[in-house]
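Observations on chain architecture
Spelled out from the first residue to the last, the chains are:
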Amino acid sequence: GENVEQHPSTLSVQEGDSAVIKCTYSDSASNYFPWYKQELGKRPQLIIDIRSNVGEKKDQRIAVTLNKTAKHFSLHITETQPEDSAVYFCAASIDNYGQNFVFGPGTRLSVLP
Amino acid sequence: DVKVTQSSRYLVKRTGEKVFLECVQDMDHENMFWYRQDPGLGLRLIYFSYDVKMKEKGDIPEGYSVSREKKERFSLILESASTNQTSMYLCASSDGSTNEKLFFGSGTQLSVL
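What this report covers is the structure whose coordinates are included nearby.

In this section: the state of the cysteines. Residues and elements named next belong to chain A. Per the counting criterion, the structure on display carries two disulfides over all chains. Between the sulfur of Cys 23 and that of Cys 90 lies a disulfide, 1.9 Å long from S to S. The disulfide joining Cys 23 to Cys 90 has a torsion of about -100° about its S-S bond and is therefore left-handed. Of the two residues, Cys 23 sits in strand β3 (residues 19-25) while Cys 90 sits in strand β9 (residues 86-93), which places them 67 residues apart along the sequence.

Turning to the sheet that holds strand β6 (residues 56-59) of chain A, a few remarks are in order. Residues and elements named next belong to chain A. What the five strands build is an open sheet, ordered β1-β3-β8-β7-β6; its pairing is antiparallel. Among the strands making up the open sheet, the edge pair consists of β1 (4-7) and β6. Taking each pair of neighbouring strands and ignoring which way they run, the sheet shows an average axis angle of 15°. Relative to strand β8 (residues 72-77), β3 is paired through six bridges, and the arrangement is antiparallel. Bridge pairing in β8 links Lys 22 to Ser 74.

Attention now goes to the environment of Lys 13 of chain B. Residues and elements named next belong to chain B. Assignment of secondary structure puts Lys 13 in strand β2 (residues 10-13). For the pair Lys 13 and Leu 78, spaced 65 residues apart in sequence, the C-alpha separation works out to 11 Å. Discounting residues that sit within four places of it in the chain, Lys 13 has contacts with Val 19, Leu 110, Ser 111, Val 112 and Leu 113.

Moving on, we come to the pattern of salt bridges. Residues and elements named next belong to chain B. On inspection of all chains with the given rule, the structure shows 11 salt bridges over all chains. Among the ionic pairs, Asp 28 bridges to Lys 71, the shortest N-O distance being 3.1 Å. Note that Asp 28 is positioned in the loop between β3 (19-25) and β4 (31-38) and Lys 71 in the loop between β7 (64-70) and β8 (73-78), a separation of 43 residues in sequence. When its relative accessible area of 54% is taken as the criterion, Asp 28 is described as exposed. A relative accessible area of 21% means that Lys 71 is categorised as partly exposed. Two residues, Glu 69 and Lys 53, come together in a salt bridge whose shortest N-O distance is 2.6 Å. Taken as a pair, Glu 69 in strand β7 and Lys 53 in the loop between β5 (42-49) and β6 (56-57) lie far apart in primary sequence, 16 residues in all. Across this residue pair, the class does not change: Glu 69 and Lys 53 are exposed. Here the salt bridges share partners, and the residues they tie into one network are Asp 28, Glu 30 and Lys 71.

On to the packing of aromatic side chains, then. Residues and elements named next belong to chain A. Throughout the structure, instances matching the rule amount to 14 aromatic pairs over all chains. Both rings, one in Tyr 25 and one in Phe 73, keep their centres 6.0 Å apart while their planes meet at 55°; by these two values the pair is tilted. Note that Tyr 25 is positioned in strand β3 and Phe 73 in strand β8, a separation of 48 residues in sequence. Between Phe 101 and Phe 103 the ring centres are 6.4 Å apart and the planes differ by 65°, which places this aromatic pair in the edge-to-face class.

Reading the values: rules and limits
- Residues numbered from 1 in each chain as written.
- Chains lettered and ligands numbered in written order.
- Predicted model: local features only at pLDDT ≥ 70, side-chain atom pairs only at ≥ 80, totals over all residues.
- Heavy atoms only, no water.
- Disulfide = S-S within 2.5 Å.
- Helix = DSSP H or I, 4+ residues; strand = E, 2+ residues; numbered from the N terminus.
- Pairing = 2+ DSSP bridges.
- Axes fitted to C-alpha atoms, helices over the stretch in contact; angles between N-to-C directions.
- Contact = heavy atoms within 4.5 Å.
- Salt bridge = Lys/Arg side-chain N within 4 Å of Asp/Glu carboxyl O.
- Buried < 20%, exposed > 50% of the residue type's maximum accessible area, 1.4 Å probe, protein only.
- Phe/Tyr/Trp six-rings, centres within 6.5 Å; stacked < 30°, edge-to-face > 60°.

This is the structure we're talking about:
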């Protein structure tokens, strides 16, 4: 079955710097890769996603890149702000409809003022 | 806005008790999921359902069962709670037909003593 690894497990950056979180997956059939953000004490929320027919997607300060050959995808946050501090989870779809996922273990991002 | 409501935010139970965790969504979503969240392990899928009366095992179904008698409600049942089931439980739903985005509930922190 699908296995998703995520690195690093914790990440501290200075406000204004960039942050990069990397995930690898094992099943080449996976075709949909969402990223969820969970602020302290709150529910996870989707922040960006990418499908296998696209190499990169951007939404303001957030971008995701996908390398299908190498089976890895990354989240890039530029100009980090204190409100970016949270746990970030990557995920990979495990069915043909993209309705079910395996999640990575999460990365705790701390943005230091 | 989609609302996924979990009946309890915090729950304390004794070993051997039968525990019911309730989840209700108000957007007529087809798919509903139960995840368990533990530090360093991310979100692990316990059970999911793509339709009323339908249920499928996820990655860690042992010790759990589910019920989906109505489309909007998905219940997680711990037949005989054990201390290793102390965890944060997250319910989620998704449209199923047009959008893979998961909408999560606020979670139930279950402590089994």
